[in-house]
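Given next are the chains, with one letter for each unit.
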Amino acid sequence: MKIPWSPLWGLYAREMIRTFRNPFVLLITIVQPFMWLAFFGSSFSLLPAPELQSLFGASNYIQFLLPGVLSTSMLSVGMFGSMSTIQDKRFGFMKRILITPTSKGVVFITKALGSASRGLVQFPVMIAAALAFGVSFHLSVLQWAAWIAGLMLLAIGFCSLFLAITARSTDWQTPGVVSNFITMPLMFASSALFGSSHFPAWMSAISSVNPITFSALLGRSFMLGTPTDWSYLGYLAIFAGLMLSIGYFVSSRWLRVE
Amino acid sequence: MTDNTIVVKDLSKHYGSGDRLVRALDHVTLSIPSGTVFGLLGPNGAGKTTLIKVLTGITDITEGDASVAGFDVRTQSMDVRARIGWVAAEVILDDDFTARENLWLQAKLQSLKDWETRADDLLKFFSLSDRADDKVSHFSTGMRKKLEIALALLHQPVVIFMDEPTIGLDVSTRRMLWDIVTGVHKEFGVTVLLTTHYIEEADALCDRIAIIDQGRILAEGTPSELKSRVKADIVQLETGEALDPAKISALPGVQEVRAQGNDWMIRVGTADDFLPRLFATIRTDQIRRISVEKPSLETVFLEVTGRRLGQEEPMRDVRKFYAQMRRARG
């Protein structure tokens, strides 16, 4: 099968250009996880260092929290991706695209990759913010690359999931409703904010298959200098591949044009 | 390629099922010769846009066959899409992009390699060269419409579908667009399928016209062929009190009488002969209003559908409505 590079590049570039030309969306994308870091990250700031060390394995809670916040924020980029798709449907742009020799599958892939890339804009900003909160980084180039790759895979997975669920929708409210429905359980039933060692058994079970956990633990091992379980990266790749395949199939068959 | 760029055979498109079945297209058969401007004339909800959606592969065919530029719409959809351009009722551009970036994106979607020269030529043709690097959100409606037509022409299509391109435009912009459509047709030799519910637009622009209503093609031909179908004048009459239809029908020269309450449509051989007979039959104080129409596309429409083009249901297409509202706000 011939890969349609030209429309893939055109639509992906459109997603990126639109992001960087929309300062409000860019600001919200950056500010949202920053606020998590500032407000939630400061909630244990008065706890003595030994207790922090015993609870989180770090003397600074933000050092523990940062990989988790970055992982959970990849959930919201999926919502933005499906909102952008609904906007294209409602303003007729989807029809303009699909009256050219561009398939629905190509539209889906560029939306998923575009939204995931947009989510990664948060990464350097959050690193800078963490530095400002006194967090230090001692990562190798390979660890930086693996952390970013893990987040990218997580974002692709969630964007694909959102796009598949909202493929037939033209209602602005649907992505928000879906986001509200899945964000809370996925965020709290993971190791993003706290370690799972004190979870009840049922939450531990969810956490152990939750891709947010894999991404958070991967980043945390780099941040805290603990041994890295590289299989997390493999699980994230499987999650991204599976969601991408499901999303491609669903969109190719059921993506509404208007 | 055949002599007919678009061939539609016994095509139907249904939405829903059972009691809610809507026959948007009902056994439509059409042949559109290459290089013509072909008009689909009909009221809102007649099936014009549905036919374009089917021919562009946006929606599936329920039954029947259709081909565009020699390719089967059902089985060779991608080949069809590589050879068609589309101009929407509402202007659809990426407002975050400049005019040149919109052309760049269109080139990418069409997988065009050498598009810059063609894009420059089109910008020049549509007098947009000076604004090529401006964001299209700052463009006037007329400029946006020109750019949209330029996008449709970028990949040198065989056919351009124009779906009610002048809906909601003011009179001067509409006239400008008519000139553009005529100019594009002459300059680029492209076949144009244009839908409209403006009779004067169909008359001014189209080489051939099909009248469509309730999903069916009711008449088709050149404007003069269609007008020659009506070998009669139409007398429109509004009376202050009820009249006996048999009395009117019995008058010499009357071909047909249709009445709705006190509104009458009387088809006669020639109005000059009929009117003196009418005035001799009824009292003049019974007449509230009377008018005579000579054969025109309006009377053709009236004849084939039994109603005027303006007497239609409220607009069903919400997006078109909003497009009109946006333009009205300027």
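All figures in this text were calculated on a predicted structure; none of them were measured in a lab. (Residues numbered from 1 in each chain as written. Chains lettered and ligands numbered in written order. Predicted model: local features only at pLDDT ≥ 70, side-chain atom pairs only at ≥ 80, totals over all residues.)

### As for the pairing of strand β9 (residues 208-213) of chain B
Residues and elements named next belong to chain B. Counted residue by residue, β9 has five buried out of six residues, so it is predominantly covered. In the sheet, β9 pairs with strand β10 (residues 216-221) via five bridges, with the strands oriented antiparallel. When the sheet's bridge partners are listed, Ala210 is paired in β10 with Glu220. The turn joining β9 and β10, which pair antiparallel and follow one another in sequence, is formed by two residues; a positive phi near 50 degrees is taken by Gln214. (Buried ≥ 20, exposed ≤ 12 C-beta atoms within 10 Å, placed from the backbone. Helix = DSSP H or I, 4+ residues; strand = E, 2+ residues; numbered from the N terminus. Pairing = 2+ DSSP bridges.)

### Remarks on the interface of chain B and chain A
Listed by partner, the interface residues are 18 residues for chain B and 21 residues for chain A. Of all the secondary structure elements, the ones that give two or more residues to the side of chain B that touches chain A are α2 (77-81), β6 (84-87) and α3 (99-109) of chain B. The element contributing the most residues to the side of chain B that touches chain A is α3 of chain B, with three residues. In terms of residue class, the side of chain B that touches chain A is made up of nine nonpolar, three polar and six charged. (Contact = placed C-beta atoms within 7 Å. Nonpolar A, V, L, I, M, F, W, Y, C, P; charged D, E, K, R; others polar.)

### What about the nonpolar core?
Buried together is how nonpolar side chains tend to be arranged in soluble globular proteins. By size, the foremost hydrophobic cluster in this structure holds 156 residues, and its most contacted members are Leu37, Leu66, Ala155 and Ile156 of chain A together with Ala150 of chain B. Each of two domains, domain 1 (4-83 + 157-227) and domain 2 (232-294) of chain B, supplies a minimum of three residues to this core. If we ignore the near neighbours within four places in the chain, the residues touching Ile156 of chain A are Ala112, Leu113, Ala116, Ala240 and Leu244 of chain A. (Core = buried A, V, L, I, M, F, W, Y, C linked by C-beta atoms within 7 Å. Domains from an automatic or database assignment.)

### Section: unusual backbone geometry
Residues and elements named next belong to chain B. Of note, Ala69 is a non-glycine position whose phi angle comes to about 55 degrees, a positive value. Tracing the backbone through its elements, the reader meets Ala69 in the loop between β4 (63-68) and β5 (71-72). The class for Ala69 is partly exposed, based on 19 C-beta atoms found within 10 Å. The residue Glu164 is not glycine, and still its phi comes out positive at about 45 degrees.

### Re α3 of chain B
All names here are of chain B. Most of α3 is tucked away, with 10 of its 11 residues classed as buried. Among the residues making up α3, those that are buried are Ala99, Arg100, Asn102, Leu103, Trp104, Leu105, Gln106, Ala107, Lys108 and Leu109. Positive backbone phi, at 55 degrees, marks Ser111, one or two positions downstream of α3.

### Quick look at the confidence of the model for chain B
Of all residues in chain B, 93% have pLDDT values of 70 or greater, and the mean over the chain is 89. For this predicted complex, the interface confidence score (ipTM) comes to 0.88, while the overall pTM stands at 0.85. (pLDDT = per-residue confidence, 0-100.)

### A few points about the domain arrangement of chain B
In many analyses, interface size is given as the accessible surface area lost on bringing the parts together. Taken domain by domain, chain B holds domain 1 (4-83 + 157-227) and domain 2 (232-294). Computed from C-alpha coordinates alone, the two centres of domain 1 of chain B and domain 2 of chain B are separated by 36 Å.

### Overview of the environment of Val68 of chain B
All names here are of chain B. Along the chain, the position of Val68 falls in strand β4. We classify Val68 as buried; it has 28 C-beta atoms within 10 Å. Distance from Val68 to Asp233, taken between C-alpha atoms, is 39 Å for residues 165 residues apart in sequence. When sequence neighbours within four positions are dropped, the list of residues in contact with Val68 reads Thr5, Ile6, Leu55, Val73, Val80, Arg83, Ile84 and Val159.

### A short note on the sheet that holds β9 of chain B
Residue and element names in this part refer to chain B. As summarised here, the arrangement of the six strands in space is β6-β7-β8-β3-β9-β10, forming an open sheet in which the pairing is mixed. If you trace the sheet from one side to the other, it starts and ends with β6 and β10, each paired once. Averaged over all pairs of adjacent strands, the angle between their axes in this sheet comes to 20 degrees, without regard to strand direction. On top of the sheet, helix α1 (residues 48-55) reaches β3 (37-41), β7 (159-163), β8 (191-196) and β9; it is set at about 150 degrees to β7, its chief contact. (Axes fitted to C-alpha atoms, helices over the stretch in contact; angles between N-to-C directions.)

### Quick word on the packing of helix α11 (residues 211-224) of chain A against helix α12 (residues 231-254) of chain A
All names here are of chain A. α12 packs onto α11 with a crossing angle of 145 degrees between their chain directions and a minimal axis gap of 9 Å. Like other packed secondary-structure pairs, α11 and α12 cross with a definite hand, here left-handed. Of α12, the residues touching α11 (which contributes Pro211, Phe214, Ser215, Leu217 and Leu218) are Tyr232, Leu233, Tyr235, Leu236 and Phe239. Classifying every residue of the contact of α11 with α12 by side-chain character gives nine nonpolar, one polar and no charged. (Left-handed = near helix turned anticlockwise from the far one by under 90°.)

### Considering the environment of Trp172 of chain A
In this structure, Trp172 of chain A sits in the loop between α8 (141-165) and α9 (173-188). Distance from Trp172 of chain A to Leu47 of chain A, taken between C-alpha atoms, is 43 Å for residues 125 residues apart in sequence.

### Description of the sheet that holds β4 of chain B
Residues and elements named next belong to chain B. An order of β2-β1-β4-β5 is seen for the four strands of this open sheet, with the pairing classed as antiparallel. Here the strands that pair on one side only, and so sit at the sheet edges, are β2 (22-33) and β5. Sheet topology places strand β1 (residues 4-15) next to β2; eight bridges connect them, and they run antiparallel. Residue pairing for β2: Leu11 is matched across the bridge by Val28. Taken strand by strand, α1 contacts β1, β2 and β4, and its axis lies near 70 degrees from that of β2.

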